[in-house]
Amino acid sequence: MRMVFIGPPGAGKGTQAARLIEKYRLAHLSTGDMLRAARDAKTEVGKKADEYMSTGQLVPDEIIIDIIRQRLAEPDCQGGYLLDGFPRTIAQAEALDRMLAETGTPLDVVLELRVPEDELFNRLAGRGRADDTPQVIRQRLVAYRQQTEPLLAYYTGKGLLESVDGLGAVEEIFDRVTTVLDPLAR
Ligand code: ADP
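Everything in this summary refers to the structure shown in the same document. Every chain's residues receive numbers from 1 upward, in the order its sequence appears when written. Selection of residues for local features in this predicted model requires a pLDDT of at least 70, selection of side-chain atom pairs for listing and counting requires 80 or more, and totals for whole chains, interfaces and linings are taken over all residues. Hydrogens and waters are ignored; side-chain quantities use all the structure's heavy atoms.

**A look at the overall build of the protein chain**
Only DSSP runs of H or I covering at least 4 residues are called helices, and only runs of E covering at least 2 are called strands; the numbering of each starts at the N terminus. For the protein chain, the helix and strand inventory stands at 9 helices and 5 strands. Ordered by position from N to C terminus, the α and β elements of the protein chain give β-α-β-α-α-α-β-α-β-α-α-α-β-α. Whereas a compact globule of 186 residues would reach a radius of gyration of roughly 16 Å, the protein chain reaches 16 Å, a difference of no more than 12%. Accessible area is worked out with a 1.4 Å probe on protein chains only. A residue is then buried under 20% of its type maximum, exposed over 50%, and partly exposed in between. Within the protein chain, the fraction of its 186 residues that count as buried is 46%. Considering only contacts within the protein chain whose residues lie at least 6 apart along the sequence, 74% involve residues at least 24 apart. Reported accessibility uses the Shrake-Rupley method at a 1.4 Å probe radius. Residues are deemed covered only where the shown protein chains occlude them. Within the structure as shown, the protein chain displays about 9,300 Å² of accessible surface, and the carbon and sulfur contribution to it stands at 50%. The convention is simple: Lys and Arg are positive, Asp and Glu are negative, and His and the chain ends are not counted. To locate a charge, the coordinates of NZ of Lys, CZ of Arg, CG of Asp or CD of Glu are taken. Charge centroids of the protein chain, computed over 24 positive and 29 negative side chains, lie 2 Å from each other. Restricting the calculation to C-alpha atoms gives the radius of gyration, and the globule rule supplies 2.2 Å times the number of residues raised to the power 0.38. The contact definition used throughout considers only heavy atoms, calling two residues in contact when any of these lie within 4.5 Å.

Listed below in structure tokens is the structure:
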């Protein structure tokens with residue numbers, strides 16, 4: 001199964017993703033994790049990305065598209081993957097479509113985890129990551145609304161979008177998500 005997991009910061013994608021990759025045996029491609037690893041390793045890409053991450057802005061499309069292109073070519077992705085945090089802009093989604101068209105491996109589903117914005121702010125403020133200060137959180141929510149939310153219409157248009165309510169207990173949400181994914185798993 002090739003899936004995109006989409007949702008605002010704080011929606012609980014990471015928690016659900018960890019369970020989903022286990023259940024469906026998928027490679028977990030989290031661009032946030034990749035960028036934090038690059039930043040901590042102080043690579044050129046990592047240093048550049050940190051300029052954006054530390055203020056809650058999206059890193060430039062070219063950087064992230066290159067990372068994903070290389071990652072998708074690796075052997076563990078051939079059996080299916082969960083994209084977590086990518087694409088985050090229409091340009092990224094279009095680049096992904098082109099890559100997947102080249103290899104004849106289209107997406108199976110785009111799953112949206114839906115959580116109201118006031119709940120997100122409270123969750124993020126309680127988390128304590130370096131980019132979880134109130135001002136940076138606000139900027140990340142704005143980036144989501146302005147740059148990422150348009151993807152919902154984009155993928156609806158392609159008939160790929162499925163939305164799941166992200167409020168409730170972790171187990172409950174997992175049940176909702178797997179109810180949608182089970183018929184698509186192979
Ligand atoms: P969040 O908890 O906000 O969902 P992530 O852990 O996915 O965040 O990503 C953290 C930061 O990394 C983002 O705020 C952004 O600066 C950068 N980032 C991650 N993925 C992307 C992407 N696909 N495009 C641009 N920037 C990204």
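From this point, the discussion proceeds with the structure in view.
**Digging into the site of the ligand**
Only heavy atoms are used to decide nearness, and a residue is near a molecule or strand if one of them lies within 4 Å of it. Lining the immediate surroundings of the ligand are 18 residues, of which Thr 31, Arg 36, Gln 57, Gly 85 and Gln 92 lie closest. A 3.5 Å cut-off defines polar contacts: any pair of N or O atoms within that distance qualifies, except that in protein one atom must be a possible hydrogen donor and the other a possible acceptor, and neighbouring residues in sequence count only when both atoms are side-chain atoms. One nitrogen or oxygen atom from the side chain of Thr 31 is found 2.8 Å from a nitrogen atom belonging to the ligand. Within the side chain of Arg 88, a nitrogen or oxygen atom sits 3.1 Å from a nitrogen atom of the ligand. For the ligand, the protein covers 95% of the area, taking 550 Å² as the surface of the free molecule. The site holding the ligand turns out to be the largest pocket. A per-element tally of the shell around the ligand places helix H2 (residues 31–40) first, with 4 residues. When the residues that make up the shell around the ligand are grouped by side-chain class, the tally is 7 nonpolar, 5 polar and 6 charged. Residues are called lining when one of their atoms sits within 4 Å of a cavity or pocket point, these points coming from a 1 Å grid over the protein atoms alone, where a cavity is a set in which a 1.4 Å probe fits but cannot get out and a pocket is an open set with protein on both sides within 12 Å along at least five of seven lines. A molecule is counted as occupying a cavity or pocket when more than half of its atoms fall within 2 Å of that pocket's grid points. Gly falls in the polar group here, along with every residue not listed as nonpolar (Ala, Val, Leu, Ile, Met, Phe, Trp, Tyr, Cys, Pro) or charged (Asp, Glu, Lys, Arg).

**Focus: the side chain of Lys 13**
Mapped onto the fold, Lys 13 is located in helix H1 (residues 13–24). In this structure, Lys 13 is buried with no salt-bridge partner, the nearest side chain bearing the opposite charge being Asp 84 at 4.3 Å. Here Gly 7 takes part through its backbone oxygen, which lies 2.9 Å from a polar atom of the side chain of Lys 13. Whenever Lys or Arg places a side-chain nitrogen within 4 Å of a carboxyl oxygen from Asp or Glu, that contact is recorded as a salt bridge.

**Regarding the packing of aromatic side chains**
Stacked, tilted and edge-to-face are the three classes assigned to paired rings of Phe, Tyr and Trp, where Trp is represented by its six-membered ring and a pair needs centres within 6.5 Å; plane angles under 30 degrees give stacked, over 60 edge-to-face, the rest tilted. The tally for this structure, following the rule as stated, stands at 1 aromatic pair. Ring geometry for Tyr 154 versus Tyr 155: centroids 5.1 Å apart, planes at 85°, classification edge-to-face. The exposure classification of Tyr 154 matches that of Tyr 155, with both residues buried. Criterion for a charge above a ring: Lys NZ or Arg CZ within 6 Å of the ring centre, and within 35 degrees of the ring normal. Directly above the aromatic system of Phe 174 lies the positively charged group of Arg 19, at a separation of 5.8 Å from the ring centroid.

**Some thoughts on the pairing of strand E4 (residues 109–114)**
Among the 6 residues that make up E4, 5 are buried, leaving the element largely enclosed by the rest of the structure. A pair of strands counts as paired when DSSP detects no fewer than two bridges linking them. Both strand E1 (residues 2–6) and E4 contribute to a ladder of 4 bridges, which runs parallel. What sits directly across from Ile 6, in E4, is Glu 112. By the bridge criterion, 5 bridges tie E4 to strand E5 (residues 161–165) in an arrangement that is parallel. If you follow Leu 111 over to E5, its bridge partner there is Glu 162.

**Some points on empty space enclosed by the protein**
Rolled over the atoms, a probe as big as a water molecule pinpoints where empty space is left. Grid points are joined across faces, edges and corners, and a volume is the space filled by probe spheres set on the points. Across all of its chains, the model carries 1 cavity of 30 Å³ or more by this definition. When its volume is computed, the largest cavity comes out at roughly 60 Å³. In terms of lining, the largest cavity is formed by Val 4, Phe 5, Ile 6, Gly 7, Lys 13, Gly 85, Phe 86, Pro 87, Arg 88, Tyr 144 and Thr 148. Sorting the residues of the lining of the largest cavity by element identifies E1 and helix H7 (134–148) as the ones contributing at least two each. Counting residues per element, the lining of the largest cavity draws most heavily on E1, which supplies 3 residues. Within the lining of the largest cavity, the residues separate by chemical class into 6 nonpolar, 3 polar and 2 charged.

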